[in-house]
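Take a look at the letters that make up each chain.
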Amino acid sequence: MNNSSEEIDQGRRGFLGAAAGVASMTLAPGVLLHTIASADPRSERVTDAVRYGMLIDTTRCAEGCTACVTACNQENGLDLQQMPASMDPEKWDRQEARWIRKIKLEDNLTGRVTNLPMMCQHCEHPPCVDVCPTGASFKRSDGIVLVDRHLCIGCRYCMMACPYKARSFIHAEVEEKLTLAPRGKGCVESCNLCVHRRDNGETSTACADACAAQGHHAIIFGDLKNPESTLSKALAAMPSRQIRENLALNTGVRYSGV
Amino acid sequence: MKRIVYREWRLSPQRYWALLAGLAAIAGIGGLAFWYMEHQGHWVTGMNNEVVWGMPHIFAVFLIVAASGALNIASIGTVFGKSTYQPLGRFSALLAVALLIGGLMVLVLDLGRPDRLIVAMTSYNFRSIFAWNVILYSGFVAIVVAYLVTMVDRGFRGYYKAAGTFAFVWRLLLTTGTGSIFGFIVARQAFDTAVLAPMFIVMSFLYGLAIFMLVLMFAFSQDQRPLGPFIIKRLKGLMGIFISAVLLFILIYFLTKLYGAQNYDLVSFYLVSGGRYTLAFWFGWVILGLLAPFGILFHPALGQDRRWIAGACGLVVLGGLASMYVIIIGGQAFPMALFPGKTLLESGFHDGVGGQIAAYAPSMPEFLLGLGGVAVALIITAVGVRALQFLPESLADKDVDPHAAVKA
Ligand code: SF4
Ligand code: SF4
């Protein structure tokens, strides 16, 4: 089961044209039927007509609120991770996979305090992809940066290279996992902008939904290339910046108010 | 100069097998450590999502760097035509290949998915320096073996110089590649500088030479072959130059870093406030690993004593491991500057809140895996010199020193 969902991702790699055919061959018959019967976005190739991204309005990000983190953990099965028995919880805290984290900052000069969530920034020029020896780290045509878990050899070079510390290595055996976010000992993973939702035609991410449900609306998800999207309009209306702008990575996640 | 005669290592069988058994035991323990970490997962190691490369990388990078340095002796003989070093060429090449294999083994066995090695060999991303290194490493082994053939087989003698020069250029590329693994990481302040590539080259000269001298002196003394003061003096002199060069590069590294105000914290972390990393830098690398051996080697009395010379080489090796610890672990432990000009008050994933450096405490299995790699390198060397004619019969002054015959 895990395999099939990964094959789909592989098949949707924009630059792996041939793989698409192979992938649909290896899918379970039921899935294939489904694909033919309806115009499922899964059956369409990912194109670069869109580029997914986010705007984090830090002025709306509430202190002490971790709704986005909790939602991400549930959506992607991160909450199913189990600390190995006999392990020091403090060590586990540094080894447990995290896709998104809350950060609280104070400006040294002005003392202004800012809260924000930090996750994979889905760089246009991702250092993690550059350094990955096998090509397991890759960027889809729609700008989402992913790890192909069949190709990842667990060298962790991508983690060395990511300027946002956005990636996690799976240190221990994983008993329970979700089909949509399979994880296995010895591979690397990170925020994938809820790629399964993209491929089901849904229009938001778990974190953005959770933030909105709390009434904060600090996370706007959408298509950076579509000038009519809520995201593009918000970006046009308010000043925003990239974290570690000097690295010129052209991140897909932008922040305002930092 | 007389014609050099090469002979297999004629150690008594008991000693030889005892030595091999000892090394095999260490390698075996390393294998068990690997099996344990692989079976359990990396949670039993000290590595985590902040410090992602740990003790195995210290050993692996050290051995790989030393491998290319060990070939230096052969290169000096071939490329720069120094006939004194030519009798050592075969042994130098053997040691280089052995160290590289030992180092690569550690690297591969520390992968999260070592079972996918075949993926690493069949699926390349040519933008990755890592992928380039896979080619550089395997190429190194092939080229050095070819180079060895030109040294040993008269029929290929005509290619000796060409092969030696090619191997020399290749090993420079290789160490540049290894240094660049770190040098091209823009994300981390400690790494983001091109100086690391040449710095790794001079470190490779030094560490490779230290291991070379240690193994050479051991092999010769076990077999009671003459090793004259002339060659030792030459090697010592070379080591002095390399130690000075490493010191110079340390200085250049910090001066480069100090050029940007954003790196003041990093420099002070290494030099003053970094706790165990500062300690490892000053005492492990600079004092024990560079200044002390320099002092011993050029001390009028101690510098003449073989045991002290061997001790100095041992210190250089330990200092080399300390340097890897400082560079590799220290570079990761120092928090990334995600938000310059701001202070981190809280974070869901450490990130250096309150100036905290990332935690890493190496675990025993990691250390044992690293030692296993060293043992494998030494096994290859021991079997090689025992089975084939790698070592010259004599390195007495009259056999290697072009002037000794005249003087006598
Ligand atoms: S934030 Fe890190 S993991 Fe995400 S794309 Fe950029 S470099 Fe890769
Ligand atoms: S850990 Fe996996 S994804 Fe990361 S660089 Fe290595 S092979 Fe690529």
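Residues numbered from 1 in each chain as written. Chains lettered and ligands numbered in written order. Predicted model: local features only at pLDDT ≥ 70, side-chain atom pairs only at ≥ 80, totals over all residues. Heavy atoms only, no water.

1. Regarding the interface of chain B and chain A
Taken together, the contact between chain B and chain A spans 55 residues of the former and 58 residues of the latter. Summing both sides of the interface, chain B and chain A together bury roughly 4900 Å²; the carbon and sulfur share of this comes to 54%. For chain B, the biggest contributors to the area lost against chain A are Trp43, Asn49 and Phe339 of chain B; these three give 15% of the whole. At the boundary of chain B with chain A, the tally comes to eight salt bridges. Where Lys165 of chain A meets Asp351 of chain B, a salt bridge forms, and the shortest distance between an N and an O atom there is 3.1 Å. When contributions to the side of chain B that touches chain A are tallied by element, the ones reaching two or more residues are helix 1 (13-40), helix 5 (117-122), helix 6 (129-152), helix 7 (160-183) and strand 2 (342-347) of chain B. No other element matches the six residues that strand 2 of chain B contributes to the side of chain B that touches chain A. Looking at the side of chain B that touches chain A, its residues break down into 26 nonpolar, 19 polar and 10 charged. Relative to strand 2 of chain B, strand 2 (residues 100-107) of chain A is paired through five bridges, and the arrangement is antiparallel. (Contact = heavy atoms within 4.5 Å. Buried area = accessible area lost by both parts, 1.4 Å probe. Salt bridge = Lys/Arg side-chain N within 4 Å of Asp/Glu carboxyl O. Helix = DSSP H or I, 4+ residues; strand = E, 2+ residues; numbered from the N terminus. Nonpolar A, V, L, I, M, F, W, Y, C, P; charged D, E, K, R; others polar. Pairing = 2+ DSSP bridges.)

2. Notes on helix 4 (residues 67-75) of chain A
Residues and elements named next belong to chain A. Buried within helix 4 we find Ala67, Cys68, Val69, Ala71, Cys72 and Glu75. Against strand 2, strand 3 (113-119), helix 8 (195-199), helix 9 (206-213) and strand 8 (219-223) lie the buried residues of helix 4. Count one or two residues on from helix 4 and you reach Gly77, which has phi positive near 70°. (Buried < 20%, exposed > 50% of the residue type's maximum accessible area, 1.4 Å probe, protein only.)

3. Considerations on the pairing of strand 3 of chain A
All names here are of chain A. Counting buried positions along strand 3 gives six out of seven residues, so the element sits mostly inside the fold. Pairing analysis gives seven bridges linking strand 2 to strand 3, with the strands arranged antiparallel. When the sheet's bridge partners are listed, Lys102 is paired in strand 3 with Pro117.

4. Observations concerning helix 11 (residues 276-297) of chain B
Residue and element names in this part refer to chain B. Considering bend angle alone, the principal kink of helix 11 is centred on Ile287 and spans about 40°. Listed as buried for helix 11 are Tyr277, Thr278, Ala280, Phe281, Gly284, Trp285, Val286, Gly289, Leu290, Pro293, Ile296 and Leu297. On its buried face, helix 11 is in contact with helix 8 (196-222), helix 9 (229-258), helix 10 (264-273) and helix 12 (306-333). (Bend = angle between axes of the 7 residues up to and from the residue.)

5. What about the state of the cysteines?
Put plainly, two cysteines are in a disulfide when a covalent bond ties their sulfur atoms together. As enumerated under the stated definition, the model contains zero disulfides over all chains in all. Here Cys61 of chain A stays unpaired: no disulfide links it, and the sulfur of Cys68 of chain A, its closest cysteine neighbor, is 6.4 Å away. (Disulfide = S-S within 2.5 Å.)

6. A closer look at the side chain of Asn115 of chain A
All names here are of chain A. Here Asn115 shows up in strand 3. With a relative accessible area of 7%, Asn115 lands in the buried category. Beyond its immediate sequence surroundings of up to four residues, Asn115 is in contact with Thr58, Cys61, Ala62, Glu63, Lys102, Ile103 and Lys104.

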